[in-house]
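Okay, here's what each chain looks like letter by letter:
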Amino acid sequence: MELAKIWLKYLAALVAGLILVAALAVALFVALTYPRLPSLESLTDYRPKVPLRVFSMDGQQLGEFGEERRSVVKLAQVPKHLQQAILAAEDANFYEHNGIDWQGVVRSVVQNTTSGSIRGGASTITMQLARNFFLSREQTLLRKANEALLAIKIERSLTKDQILEVYINHIFLGERAYGFGEASQSYYSRPLNELKLGELAMLAGLPKAPSAYNPIVNPKRAKERQLYVVRRMHDLGMITDAEHIEAGKVQYAATQRIRRENDRQSNYVTEMVRQQVFDLYGESAYTRGLNVTTTINSAEQDAAYAALRKGVIDYDRRHGYRGPEGYITLPVAGVQRDEAIDSAVEKAGDSDDLLAAIVIDAKPTRVVVARSDRALVNIEGDGLRFVRRALADQASATERIRAGAIVRIVDDGKGAYRLAQRPEAEAAIVAIEPNSGAIRALIGGFDFSRNQFNHATQAQRQPGSSMKPFLYSAAIEKGITASTIVDDYPITIPASKTGSDDWEPKNSDDKYEGPMTLRQGLARSRNTVSVRLMQKIGVQYAHDYMMKFGFDPKVNPPVYALALGSGGASPLQMATAYSAFANGGLKVKPYLIARITDQRGVEVYTTKLPKQEEQEQIIDPRNAFIMSNLLKESVRSGTATRAQALKRQDIAGKTGTTNDAADAWFAGFTPKIVAVTWLGFSTPKSLGEKETGGGAALPIWIGYMGVALKGEPQATLTKPEGLIGVRIGGSPKAFDPNAPAPEGNASPAMEGGYFEYFYSEYPQGSGITYIGGDYKPPDPDGKLPPLDAPGSSVSPEPGPIINRP
């Protein structure tokens, strides 16, 4: 008995000694480690990484850049139910402990000891912050000890509310979302204060394992976690029985962020912004919470995107189905079959509403396709019309639609799908305000995910006939008038003038209409008229004058072919150049960024616009007025008559089609907005012999302008001083030069007549009246014929060239 007592005393002393040694060891560890703990400055002066965000002028978010998507919120802005849900899920004793939940620690130690491995656990919200800010995620006792000490240090430096606020804004919650404010947008496309209890509980369940409980990827597991959080809230008395029942029975399905649609429609714009902001601020642009307000009008941007997509798809459908994008070998059934479909669909990728799908079965009257959601889609009837030939027995092996084919399907808007294809052609549209240069809408291609090359700003494509107005403007400045007669006959430019071979330019239709007025020549886009103008005023003069509009001389050399747009220009350069016609001859500099603010709302950058008197006057205001007047004729009676669909009298513009129809253009404007559209292939090749600027590019322009001009009153240009107006085709008499300009030109209200304008220093009859070869125009008592027939001069003798710089 005595021996047993001795042993008990010995064991007790041993245990006490071990406890004392352990306590001393812990005390020594704390004494040595605590002073070496990292500074808490990143917490006490919390400056989260907030991404660069891009907004339209009307406040719509267009996109964002940064590894971490975060929307910072104050604790007072966080719904009470979310705060309670976070505590119920992560740290119910948060407001009672000093950073360490000792009961949880004991429970965790027991679990880790019995399991034989370090599984973590017992991490309070404060400890999670310590780990996320300062430590790795490795499961070791040393890391857990440092985590605990840091938690105590944090609790001594910050209040509980400050700790909770940092946690709410900093924690990673999946979908690249950091913080609950951003997760609310990522999963529900709504701010926190608009979410219901069940939705808040779902978000509160994410910190434990964001990927495992992601409601987009794993809705079933997310629902289970949500119910657990709601049950914990009820057990802790945070919600009532009724709230518990209601939250549990409603399936709160998460949705992908709506903002991604804006990302898709504006990604060429946002990429331009990203590059400009990076040039200003470097890498910090992605983390300092900069908000960029652009000049983009979101409704017009949406309209431009929709019009461009429709225009390209319509063009593509005119040229028929090319066949499937490829083929895969379909396993017979089971998991391997599903994985093969998933992989192929993912690799092909969707292009907005053009969805990738795999053909499961194909017959002439029915095609069955599948996507990665395993659902089968039956396509019949009209849904097969576009691909009918690819279902026939005589279809070639590369064009045949059969099982395993990779195809595109699109919702027909009537509850069914039809087979389609992703176009190979590209397009661009850009719209700017002619007085300021503000870019209102810009789309640089059909699908940014397929081709990031921005055709609106980077492409130098041949402008074709859309370049002619700048030559005509040069001619007017040289004394040629809108009523000057020019021969539309074949012409040969000798090798001595071209520097190579003889050049015999042709009209696009290979037809010739004889003498016509300058007005007619531009409206009908006659190539030989343009070449004769170039010949008359001189190549070098024409080149120097045309380059004033902002074109690059390196890609637009002084050669005769420049008269037909043989050089190069981007749609943005064309829009900038046409602005001079719309704004009275002023040069504008296009800009996209209106202002930049930091995350506190302080403005750090703004685009300063020059006053009107400070802008460069690149052409005579009278010249700009006459050119606007002439370009209205193209819409009224020339190659751009389709634009009459907008039922406006203030539209002016010019089509453009290059050799072999490799590029199709339309540049059009009102005094309020200039828009340019282009369609072609990234690697130039023919669009098809029947494709023109009026048929391929102009419909895109109309689709956009129909929205941009909706509700806008028709604009009337103010006639500058120094112009004399004459009514042609009626009773030709001078009228008050100070009178406002008439609406349009050859209006039916004018009884078949139209107004022509002349510089006062060479009024009608004193400028150049005829440009041609041996043809001698008659003198029909000063009257010009109607615009739909070749005309003659109002004066029988040619006048001099006005020598203007």
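In what follows, the structure referred to is the one given above.
Computed from a predicted model, the values in this text were never measured in an experiment.

Criteria and thresholds
Residue positions are given per chain, counting from 1 as you read along its sequence in written order. Totals for whole chains, interfaces and linings use every residue, but because this is a predicted model, local features are given only for residues with pLDDT of at least 70 and side-chain atom pairs only at 80 or more, for both listing and counting. The side-chain quantities take in all heavy atoms of the structure and omit both hydrogens and water. Put simply, DSSP marks the helices as runs of H or I at least four residues long and the strands as runs of E at least two long, and each gets a number from the N terminus on. When a residue's accessible area, from a 1.4 Å probe over protein chains only, is under 20% of the maximum for its type it is buried; when over 50% it is exposed; and in between it is partly exposed. The contact criterion used throughout is that any non-hydrogen atoms of two residues lie within 4.5 Å. Note on areas: these come from Shrake-Rupley sampling with a 1.4 Å probe, and a residue is covered only by the protein chains present in the view. The pairing criterion is simple: DSSP has to find at least two bridges between the two strands. Orientation is described by axes fitted as lines to C-alpha atoms, over the contacting stretch for helices, and by angles from 0 to 180 degrees between their N-to-C directions. Side-chain rings of Phe, Tyr and Trp, where Trp is taken by its six-membered ring, are said to pair if the distance between their centres is within 6.5 Å; with planes under 30 degrees apart they count as stacked, over 60 as edge-to-face, and otherwise as tilted. Nonpolar cores were defined as sets of buried Ala, Val, Leu, Ile, Met, Phe, Trp, Tyr and Cys residues, with membership established by side-chain atoms within 4.5 Å. The term salt bridge refers to a side-chain nitrogen of Lys or Arg lying within 4 Å of a carboxyl oxygen of Asp or Glu. With respect to orientation, any angle under 35 degrees is reported as roughly parallel, any angle over 145 as roughly antiparallel, any angle of 65 to 115 as roughly perpendicular, and every other angle as oblique. Following the grouping adopted for this structure description, the nonpolar residues are Ala, Val, Leu, Ile, Met, Phe, Trp, Tyr, Cys and Pro, the charged ones are Asp, Glu, Lys and Arg, and the polar ones are all others, Gly among them.

### Remarks on the overall build of the protein chain
Link 1 in the chain: In terms of helices and strands, the protein chain carries 22 helices and 23 strands.
Link 2 in the chain: Buried positions account for 53% of the 805 residues belonging to the protein chain.
Link 3 in the chain: Contacts spanning at least 24 positions in sequence make up 71% of the contacts within the protein chain whose residues lie at least 6 apart.
Link 4 in the chain: Of the accessible surface of the protein chain, which amounts to about 36,800 Å², a share of 53% is contributed by carbon and sulfur atoms.

### Some details on the sheet that holds strand E5 (residues 291-294)
Hydrogen bonds between backbone groups are what pair the strands of a sheet, and the pairing can be parallel or antiparallel.
Link 1 in the chain: Spatially, E2-E1-E5-E16-E17 is the arrangement adopted by the 5 strands of the open sheet, whose pairing is mixed. Every interior strand has two partners, whereas the edge strands, strand E2 (61-65) and strand E17 (603-606), have only one. Across the sheet, the axes of successive neighbouring strands diverge by a mean angle of 20°, strand direction being ignored.
Link 2 in the chain: Across 4 bridges, the pairing between E5 and strand E16 (residues 593-597) is antiparallel. Note that in E16 the partner of Val-292 across the bridge is Ile-596.

### Quick look at the packing of aromatic side chains
The geometry of an aromatic ring pair is captured by two quantities: the separation of the ring centres and the angle between the planes.
Link 1 in the chain: One pass over the full model with this rule turns up 17 aromatic pairs.
Link 2 in the chain: Relative to Phe-681, the ring of Tyr-315 lies with its centre 6.4 Å away and its plane at 70°, an arrangement referred to as edge-to-face. Remark: Phe-681 occurs in the loop between strand E20 (674-680) and helix H22 (693-708) and Tyr-315 occurs in helix H13 (residues 298-318); sequence separation between them is 366 residues. The pair Tyr-315 / Phe-681 is uniform in exposure class, with both members buried.
Link 3 in the chain: Taking the centre distance of 4.9 Å and the plane angle of 75° together, the rings of Phe-666 and Trp-701 count as edge-to-face. Of this pair, Phe-666 sits in strand E19 (residues 663-669) while Trp-701 is found in helix H22, placing the two residues 35 residues apart along the sequence.
Link 4 in the chain: Exposure remark for Phe-666: the relative accessible area of 0% places this residue in the buried category.

### Notes on the nonpolar core
Link 1 in the chain: Residues Val-277, Phe-470, Phe-549, Phe-551, Tyr-578 and Phe-581 are the most contacted members of the largest nonpolar core, which totals 88 residues.
Link 2 in the chain: Sorting elements by how many residues they give to this core places helix H20 (residues 571-582) first, with 8 residues.
Link 3 in the chain: In this structure, Phe-549 is in contact with Phe-470, Ser-473, Ala-577, Ala-580, Phe-581, Ile-618 and Ile-619, ignoring residues within four places of it in sequence.
Link 4 in the chain: Membership of the second largest hydrophobic core comes to 44 residues, among which are Leu-75, Ile-163, Ile-168 and Tyr-187.

### A word on the pairing of strand E14 (residues 480-488)
Link 1 in the chain: Counting buried residues in E14 gives 9 out of 9 residues, a clear majority hidden from the surface.
Link 2 in the chain: When E14 meets strand E23 (residues 768-771), the two strands line up parallel, connected through 3 bridges. In the strand pairing of E23, Ile-485 is matched with Tyr-770.

### Points about the pairing of strand E22 (residues 754-759)
Link 1 in the chain: E22 sits mainly inside the fold: 6 of its 6 residues count as buried.
Link 2 in the chain: Covered by surrounding structure in E22 are Tyr-754, Glu-756 and Phe-758 together with Phe-755, Tyr-757 and Tyr-759, the residues of both alternating faces.

### A closer look at the pattern of salt bridges
Link 1 in the chain: Counting across every chain of the model gives 32 salt bridges.
Link 2 in the chain: Arg-53 is paired through a salt bridge with Glu-64; the nearest N and O atoms lie 3.1 Å apart. With Arg-53 in strand E1 (residues 52-55) and Glu-64 in strand E2, the pair connects residues that are 11 residues apart, well separated along the chain.
Link 3 in the chain: Given the relative accessible area of 8%, Arg-53 is considered buried.

### A word on helix H3 (residues 80-90)
Link 1 in the chain: Most of H3 sits inside the fold, with 9 of its 11 residues counted as buried.
Link 2 in the chain: Leu-82, Gln-83, Gln-84, Ala-85, Ile-86, Leu-87, Ala-88, Ala-89 and Glu-90 are the residues of H3 that are buried.

### Considering the packing of H3 against helix H7 (residues 160-170)
Link 1 in the chain: The interhelical angle for the contact between H3 and H7, taken along N-to-C directions, is 90°, at an axis separation of 12 Å. Viewed along their axes, H3 and H7 adopt a mutual orientation that is roughly perpendicular. Residues Gln-83, Ile-86, Leu-87 and Glu-90 of H3 pack against Leu-164, Tyr-167 and Ile-168 of H7.
Link 2 in the chain: Split by residue class, the contact of H3 with H7 holds 5 nonpolar, 1 polar and 1 charged.

### As for the packing of H3 against helix H10 (residues 219-235)
Helix-helix packing is described using two parameters, namely the angle between the two axes and the distance between the axes.
Link 1 in the chain: Between H3 and H10, the shortest axis-to-axis distance is 9 Å and the interhelical angle comes to 100°. Put simply, H3 runs roughly perpendicular to H10. For the pair H3 and H10, contact is made by His-81, Gln-84, Ala-85, Ala-88, Ala-89 and Glu-90 and by Arg-225, Val-229, Arg-232 and Met-233, respectively.
Link 2 in the chain: When its residues are assigned to classes, the contact of H3 with H10 shows 5 nonpolar, 2 polar and 3 charged.

### A closer look at the sheet that holds strand E15 (residues 514-517)
Link 1 in the chain: As summarised here, the arrangement of the 3 strands in space is E15-E14-E23, forming an open sheet in which the pairing is mixed. Across the chains shown, the open sheet's two edge strands, defined by having one partner strand only, are E15 and E23. For this sheet the average axis-to-axis angle between neighbouring strands, irrespective of direction, equals 15°.

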